[in-house]
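Residue strings, one per chain:
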Amino acid sequence: MPRRVEPCVATLVDKPPKGPEWAFEVKWDGYRLAVHVELGEVRAITRGGYDWSKKFGSIVAEAREFGHATMIIDGEAVVLDEQGRSDFGLLQRAIGKKPSLRDAGEIIFYAFDLLYLDGQDLRMHPLSERRRLLEPIVAGRTGAIRFSEEVHADGAEFFRVACEHGLEGIIAKRRDAPYRSGRRPEWLKVKCARRDTFVIVGYERSTLPGAIGRLLLAANNGDGLVYVGGCGTGWSNKESVQLRELLDAIPAARPLVALKRKGAVFTEALLVADVEYRAWTQDGKLRHPSFKGVRALDEMTKVCEFG
């Protein structure tokens, strides 16, 4: 039994594939783990190869109860929000060192693949066979380890519904494919993206002369503007220089949001940025924002409302 298996990683695509050879699952937003069950030992190994067994103690404890001598289960550790959606921020709090309202016992491991079982390496078996062997081991459980169910639906329709419900996205996997480490075309991921308009309240300088490093963004909370994070991607070098010229022409006498950041240049709230992002973090910041455009703020502009 291998001490570690480099995980298979899905390739990002714009839309779901078509055809009966593809199986679809929810894309979980958490930590990728491989649970190794060995004689006298259970380990939870991260995607980067670290042993995080102590952080995921409830998962390790439940894996000991499976009754198999040796196993390697591939899956994702998550914490679910009140709507049943995986939330990476909640997971970070549950395993963090600082006191949190989230308990480590809330962590769930969604198992979606079986790589090794009782002395047999299953990686060259097709996905459908590996899942057939995995399902009776973990399906029906409601504790720390659960089965990541296949969604029997058209890929495009499943993706639409997933995005409507605020999920991170979906995963498509070829049923006939063996398990191969690294980024592979046999596994595809399609991510849901949100897009909103945010007020630009300043910027941080780039190391490139005359350019912007990060835009400082704000949303409306009903009583005024509140800082929601910085955006540092999505523009070319030329666009970055032009954007800085626009912002340097509208300096603010004082910050329009409660933010103390060394080196920040604050501006009047006269421009808005169109931003694509994945989700909100638990502390009210944009997750993975990307700049898509800029325009003037006027009465017809719908600024994103915080919360």
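Preceding this paragraph is the structure being described.
A brief look at the structure comes next. What you see is a predicted model; the values in this text were computed from it and never measured.

### Let's talk about the overall build of the chain
Then, in step 1: Within the chain, the regular secondary structure consists of five helices and 18 strands.
Then, in step 2: Residue burial in the chain is summarised as follows: out of 307 residues, 48% are buried.
Then, in step 3: Accessible surface for the chain amounts to roughly 15,800 Å². Of this, 50% is attributable to carbon and sulfur atoms.
Then, in step 4: Looking at charge distribution, the chain has the averaged site of its 47 positive side-chain charges lying 5 Å from that of its 43 negative ones.

### Things to note about the sheet that holds strand S1 (residues 8-12)
Then, in step 1: Strand order across the open sheet formed by four strands is S1-S10-S9-S2, with mixed pairing between neighbours. In this open sheet, the two strands that pair with only one neighbour each are S1 and strand S2 (22-26). When the angles between neighbouring strand axes are averaged without regard to direction, this sheet yields 40°.
Then, in step 2: Sheet analysis places S1 next to strand S10 (residues 182-191), joined by five bridges and oriented parallel. Counterpart to Ala 10 in the pairing with S10 is Arg 184.

### With respect to the pattern of salt bridges
Then, in step 1: All chains considered together, the criterion is met by 25 salt bridges.
Then, in step 2: We note a salt bridge from Lys 27 to Glu 168, for which the minimum N-O separation is 3.1 Å. In this pair, Lys 27 sits in the loop between S2 and strand S3 (31-38) while Glu 168 sits in the loop between helix H4 (155-164) and strand S9 (169-174), placing the two residues 141 residues apart along the sequence. Comparing Lys 27 with Glu 168 shows no difference in burial state: the two are buried.
Then, in step 3: Arg 43 is paired through a salt bridge with Glu 38; the nearest N and O atoms lie 3.0 Å apart.
Then, in step 4: According to the relative accessible area criterion, Glu 38 is buried, its value standing at 16%.
Then, in step 5: Salt bridges linked by common partners bring Arg 3, Glu 38, Glu 41 and Arg 43 together as one network.

### A closer look at the nonpolar core
Then, in step 1: Formed by 30 residues in total, the largest nonpolar core has its most connected members in Phe 56, Ile 59 and Ile 107.
Then, in step 2: In contact with Ile 107, other than residues within four places in its own chain, are Lys 55, Phe 56, Ser 58, Ile 59, Ala 77, Val 78, Val 79, Leu 91, Ala 94, Ile 95 and Ala 144.
Then, in step 3: Membership of the second largest hydrophobic core comes to 21 residues, among which are Ala 219, Cys 231, Trp 235 and Ile 250.

### A short note on helix H5 (residues 237-248)
Then, in step 1: With twelve residues, H5 should reach 16 Å at 1.5 Å per residue; the first-to-last C-alpha distance of 17 Å fits that figure.
Then, in step 2: All of the buried residues in H5 are Ser 240, Leu 243, Arg 244 and Leu 247. Buried residues of H5, viewed axially, fall in a sector of 100°; they line one side. In H5, those exposed residues whose orientation departs by more than 90 degrees from the buried face are Lys 238 and Glu 245.

### A short note on the packing of aromatic side chains
Then, in step 1: Summed over the entire model, instances satisfying the criterion amount to ten aromatic pairs.
Then, in step 2: Centroid distance Phe 198 to Tyr 277: 5.8 Å. Interplanar angle 70°. Geometry classified as edge-to-face. Here Tyr 277 lies in strand S15 (residues 271-277) and Phe 198 lies in strand S11 (residues 194-205), a separation of 79 residues in the sequence. Comparing Phe 198 with Tyr 277, the two get one shared label, buried.
Then, in step 3: Ring pairing ties together the aromatic residues Tyr 31, Trp 52, Phe 56 and Phe 88, which thus form one cluster.
Then, in step 4: Here Lys 55 stacks its cationic end above the ring of Trp 52, 5.1 Å away from the centre of that ring.

### Some details on the state of the cysteines
Two cysteines whose sulfur atoms are joined by a covalent bond form what is called a disulfide.
Then, in step 1: Applying the stated criterion across every chain yields a total of one disulfide.
Then, in step 2: Each sulfur in the disulfide pair Cys 163 and Cys 192 lies 2.0 Å from the other. Residues Cys 163 and Cys 192 are joined by a disulfide whose S-S torsion is about -90°; by sign, that bridge is left-handed. Of the two residues, Cys 163 is situated in helix H4 and Cys 192 in the loop between S10 and S11; the sequence distance between them amounts to 29 residues.
Then, in step 3: Residue Cys 192 is classed as buried on the basis of its relative accessible area, which comes to 9%.

### Here we look at the environment of Asp 118
Then, in step 1: Along the polypeptide, Asp 118 turns up in the loop between strand S6 (108-117) and strand S7 (120-121).
Then, in step 2: Residue classification places Asp 118 among the partly exposed positions, given a relative accessible area of 42%.
Then, in step 3: Taking the C-alpha atoms as reference points, Asp 118 and His 68, separated by 50 residues in sequence, lie 6.3 Å from one another.

### Notes on the pairing of strand S4 (residues 41-46)
Then, in step 1: With respect to burial, S4 is a largely interior element, five of its six residues being buried.
Then, in step 2: Where S3 lies against S4, six bridges are found, and the strand directions are antiparallel. Bridging across to S4, Val 35 finds its partner in Ala 44.
Then, in step 3: In textbook terms, the turn of a hairpin is the stretch between consecutive antiparallel strands, and for S3 and S4 this stretch comprises two residues, one of which, Gly 40, has a positive phi near 75°.

Conventions and cut-offs
- Residues numbered from 1 in each chain as written.
- Predicted model: local features only at pLDDT ≥ 70, side-chain atom pairs only at ≥ 80, totals over all residues.
- Heavy atoms only, no water.
- Helix = DSSP H or I, 4+ residues; strand = E, 2+ residues; numbered from the N terminus.
- Buried < 20%, exposed > 50% of the residue type's maximum accessible area, 1.4 Å probe, protein only.
- Areas by Shrake-Rupley, 256 points an atom, 1.4 Å probe, with all protein chains shown as cover.
- Lys, Arg positive; Asp, Glu negative; His and termini not counted.
- Charge placed at Lys NZ, Arg CZ, Asp CG, Glu CD.
- Pairing = 2+ DSSP bridges.
- Axes fitted to C-alpha atoms, helices over the stretch in contact; angles between N-to-C directions.
- Salt bridge = Lys/Arg side-chain N within 4 Å of Asp/Glu carboxyl O.
- Core = buried A, V, L, I, M, F, W, Y, C linked by side-chain atoms within 4.5 Å.
- Contact = heavy atoms within 4.5 Å.
- Expected span 1.5 Å × (residues − 1).
- Arc of directions from axis to C-beta.
- Phe/Tyr/Trp six-rings, centres within 6.5 Å; stacked < 30°, edge-to-face > 60°.
- Lys NZ or Arg CZ within 6 Å of the ring centre and 35° of its normal.
- Disulfide = S-S within 2.5 Å.

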